[in-house]
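# Analysis of the macromolecular model
Here is what each chain is made of, one letter per residue.
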Amino acid sequence: QVQLVESGGGLVQAGGSLRLSCAASGCTFSSYAMAWFRQAPGEEREFVAAISRSGGYTDYADSVKGRFTISRNNAKNTVRLQMNSLKPEDTAVYYCAADNQRVVFTTPLGVNYWGQGTQVTVSS
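Another point: the overall build of the protein. Each helix and strand in the protein was counted, giving 0 helices and 11 strands. When its helices and strands are written in sequence order, the protein yields β-β-β-β-β-β-β-β-β-β-β. By principal-axis analysis of the C-alpha atoms, the protein measures approximately 40 × 25 × 25 Å. In the protein, 59% of the contacts between residues at least 6 apart in sequence involve partners at least 24 apart. Total accessible area on the protein is roughly 6100 Å²; 45% of this is exposed by carbon and sulfur atoms. Measuring between centres, the 11 positive side-chain charges of the protein sit 10 Å from its 9 negative side-chain charges.

Before going further, it helps to spend a moment on the pairing of strand β3 (residues 18–25). Judged from the 5 bridges that link them, strand β1 (residues 3–7) and β3 form a sheet pairing that is antiparallel. Within β3, the residue paired with Val5 across the bridge is Ala23. In the sheet, β3 pairs with strand β8 (residues 78–83) via 6 bridges, with the strands oriented antiparallel. Directly across from Cys22, in β8, lies its bridge partner Val79.

The backbone of Asn77 shows a phi angle near 55°, a positive value even though the residue is not glycine. With respect to the helices and strands, Asn77 occurs in the loop between β7 (68–73) and β8. Here the phi dihedral of Ser85 falls at roughly 50°; this positive angle occurs in a residue that is not glycine. Here Ser85 shows up in the loop between β8 and β9 (92–99).

Here we come to the state of the cysteines. Per the counting criterion, the structure on display carries 1 disulfide. Here Cys22 engages in a disulfide with Cys96; their sulfurs sit 2.1 Å apart. Because the torsion about its S-S bond is -75°, the bridge between Cys22 and Cys96 counts as left-handed. Taken together, the residues Cys22 in strand β3 and Cys96 in strand β9 connect sequence positions 74 residues apart. Of the two residues, Cys22 and Cys96, both sit in the buried class.

Turning next to the nonpolar core. Ranked by internal contacts, the top residues of the largest apolar core, which has 37 residues, are Met34, Trp36, Val79, Leu81, Met83 and Tyr94. Not counting chain neighbours up to four residues away, the residues in contact with Tyr94 comprise Glu6, Leu20, Trp36, Phe37, Arg38, Val48, Phe68, Leu81, Met83, Gly117, Thr118 and Val120.

Taken in spatial order, the 4 strands of this open sheet run β1-β3-β8-β7, and their pairing is antiparallel. Edge positions in the open sheet fall to β1 and β7, since each of these has one partner strand only. Neighbouring strand axes in the sheet, compared pairwise and without regard to direction, differ in orientation by 15° on average. Sheet analysis places β7 next to β8, joined by 6 bridges and oriented antiparallel. Bridging across to β8, Phe68 finds its partner in Met83.

We now examine the packing of aromatic side chains. Within the structure shown, the criterion is met by 5 aromatic pairs. Relative to Tyr113, the ring of Tyr32 lies with its centre 6.2 Å away and its plane at 55°, an arrangement referred to as tilted. Taken together, the positions of Tyr32 in the loop between β3 and β4 (33–39) and Tyr113 in strand β10 (residues 113–114) put the pair 81 residues apart, joining distant regions of the chain. Relative accessible area serves as the criterion here: at 24%, Tyr113 is assigned to the partly exposed category. Centroid distance Phe37 to Phe47: 5.9 Å. Interplanar angle 70°. Geometry classified as edge-to-face. On the criterion of sequence distance, the pair formed by Phe37 in strand β4 and Phe47 in strand β5 (residues 46–51) is long-range, its members being 10 residues apart.

Cut-offs applied
- Residues numbered from 1 in each chain as written.
- Predicted model: local features only at pLDDT ≥ 70, side-chain atom pairs only at ≥ 80, totals over all residues.
- Heavy atoms only, no water.
- Helix = DSSP H or I, 4+ residues; strand = E, 2+ residues; numbered from the N terminus.
- Contact = heavy atoms within 4.5 Å.
- Areas by Shrake-Rupley, 256 points an atom, 1.4 Å probe, with all protein chains shown as cover.
- Lys, Arg positive; Asp, Glu negative; His and termini not counted.
- Charge placed at Lys NZ, Arg CZ, Asp CG, Glu CD.
- Pairing = 2+ DSSP bridges.
- Disulfide = S-S within 2.5 Å.
- Buried < 20%, exposed > 50% of the residue type's maximum accessible area, 1.4 Å probe, protein only.
- Core = buried A, V, L, I, M, F, W, Y, C linked by side-chain atoms within 4.5 Å.
- Axes fitted to C-alpha atoms, helices over the stretch in contact; angles between N-to-C directions.
- Phe/Tyr/Trp six-rings, centres within 6.5 Å; stacked < 30°, edge-to-face > 60°.

So this is what it looks like as structure tokens:
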């Protein structure tokens, strides 16, 4: 059974930085494309960033391009999201996701596995 555990969320002032981590277990991590999604209260879960199995391809939501960076370490079974220049509108619960059916994914539909989420709050 694949398990994903996020960490690194917290409270930060606008303009600050946070780094989220997601540790995977119970799977051959390099066989899974990984992504980060977020969900604010009353909103649908939305795509943030994605990375291919090898890490050679990444994709970002327009709202975070140039501010967020996704990376992975297949030797350590981890994926990270470096978030810089944070804005109040980045406030949400951030979820790590894994999928071994697609090379890369940017939609939450049909995702195999989810983490429990980590809260990110950006104050103005």
